[in-house]
Amino acid sequence: MTVLPFGIPGRFWRGNLHTHSNVSDGALSPDETARVYRETGYDFVAITDHFRPEYGFPVTDTRGLRSDGFTTLIGAELHAPRTEAGQSWHIVAVGLPLDFGPPGEAETGPELARRARAAGAFIGMAHPSASLLTAVDAGSLDAAHSVEVYNALADRENRGDSWHLTDVLLNRGHRLTTYAADDAHLQPQDPPPCQAWVHVRTETLAPDALLAALKAGHFYSSTGPELHDVRIEDDAIVVHCSPATKILLTGGHPGAEVAQGTDLTECSLPLALFRGTHCRITIEDTTGGRAWTNPIHLPPVDNSTH
């Protein structure tokens, strides 16, 4: 069964995993981009510039932007041909070495992702809905650790949410976590930054600790609300959170368990509907902000007698 991060030693650190600077097609320098996040109260940011020939295949070095109370993760958004819709792949790779090599002439997206994962990176399937990824596409990206289930930039075209594809993949046996991100370019026409993030649970803000926690799934995602504790007790899931209007349990089976009200801060929901598959908690507040756990995998009911 999934290990939930809420009881793990340490604290949650807020960060963005998908960000662009003027090293590729962002508006601001890496320093200015990091400052936006630092001054908004983030603990870390990954600047993931487009790893394309027109930008010189950059892995943007942000080590000099680290300070007490704020750090960076080294990464890039990788591209290679081609998805079923005819587009190049968009693959977030966080934790890349600075000397990560450009794609080979015949290297496919899944092959590039495998090479990045072998080099130590956390691999995210970027904005599947906006990229029109099919289940066949997504299933072929076998190096992925996680799916970008909410992308704030893609939300302006009503393609920010990728939960449906994620549930299909999970039901087909793919063990994936899920994260939310800005995909910030900080261009004048873009939505404001700092709209979607992850809370990563570690004892320190060290980049290596954050990267290990991401790979282990010790995080949750949000566009506003906070999850204080989520735990399984007997045949129920117990939630403690910031004030919410809805606490929702959904997952790998049609249907849901729902608690609704005003300023809900805790509830208990039965797990029976999702035994033998996966589930997750979603909370929603009065502004429409949401927070999500990673998928929680539940064993089937043991009906054997002893």
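See the structure shown above.
Definitions and cut-offs
- Residues numbered from 1 in each chain as written.
- Predicted model: local features only at pLDDT ≥ 70, side-chain atom pairs only at ≥ 80, totals over all residues.
- Heavy atoms only, no water.
- Helix = DSSP H or I, 4+ residues; strand = E, 2+ residues; numbered from the N terminus.
- Buried < 20%, exposed > 50% of the residue type's maximum accessible area, 1.4 Å probe, protein only.
- Contact = heavy atoms within 4.5 Å.
- Polar contact = N/O pair within 3.5 Å; in protein donor to acceptor, adjacent residues only side chain to side chain.
- Right-handed = clockwise from strand over helix to strand, strands pointing away.
- Pairing = 2+ DSSP bridges.
- Arc of directions from axis to C-beta.

Draft legend 1. Structural detail: the environment of Asp190. The residue Asp190 is located in the loop between strand 8 (177–181) and strand 9 (197–202) in this model. Judged by relative accessible area, which is 13%, Asp190 ranks as buried. Sequence separation between Asp190 and Gly41 is 149 residues; the distance between their C-alpha atoms is 21 Å. When residues no more than four places from it in sequence are discounted, the contact partners of Asp190 are Leu153, Arg156 and His185. At a separation of 3.2 Å, a polar atom in the side chain of Asp190 contacts the side chain of Arg156.

Draft legend 2. Structural view of the pairing of strand 7 (residues 146–151). Most of strand 7 is tucked away, with six of its six residues classed as buried. Handedness of the crossover is the feature at issue here: the chain leaves strand 6 (residues 122–125), passes through helix 3 (residues 135–140), returns alongside strand 7, and the resulting connection is right-handed. Bridge count for strand 7 against strand 8 is five bridges, and the pairing is parallel. Bridging from a neighbouring strand, Glu148 pairs with Tyr179 of strand 8. With helix 4 (residues 163–171) bridging strand 7 and the parallel strand 8, this β-α-β connection has right-handed handedness.

Draft legend 3. Focus on the side chain of Ser162. With respect to the element layout, Ser162 can be found in the loop between strand 7 and helix 4. Once residues within four sequence positions are removed from consideration, Ser162 is found in contact with His127, Pro128, Ser129, Glu148 and Val149.

Draft legend 4. Molecular detail of helix 1 (residues 30–39). Those residues of helix 1 that sit buried are Pro30, Thr33, Ala34 and Tyr37. Considered in projection along helix 1, the buried side chains sweep an arc of 95° and stay on one side of the axis. Against the buried residues of helix 1 lie strand 1 (11–16) and strand 2 (44–47). Positive phi appears at Gly41, one or two residues downstream of helix 1, with a value of about 100°.

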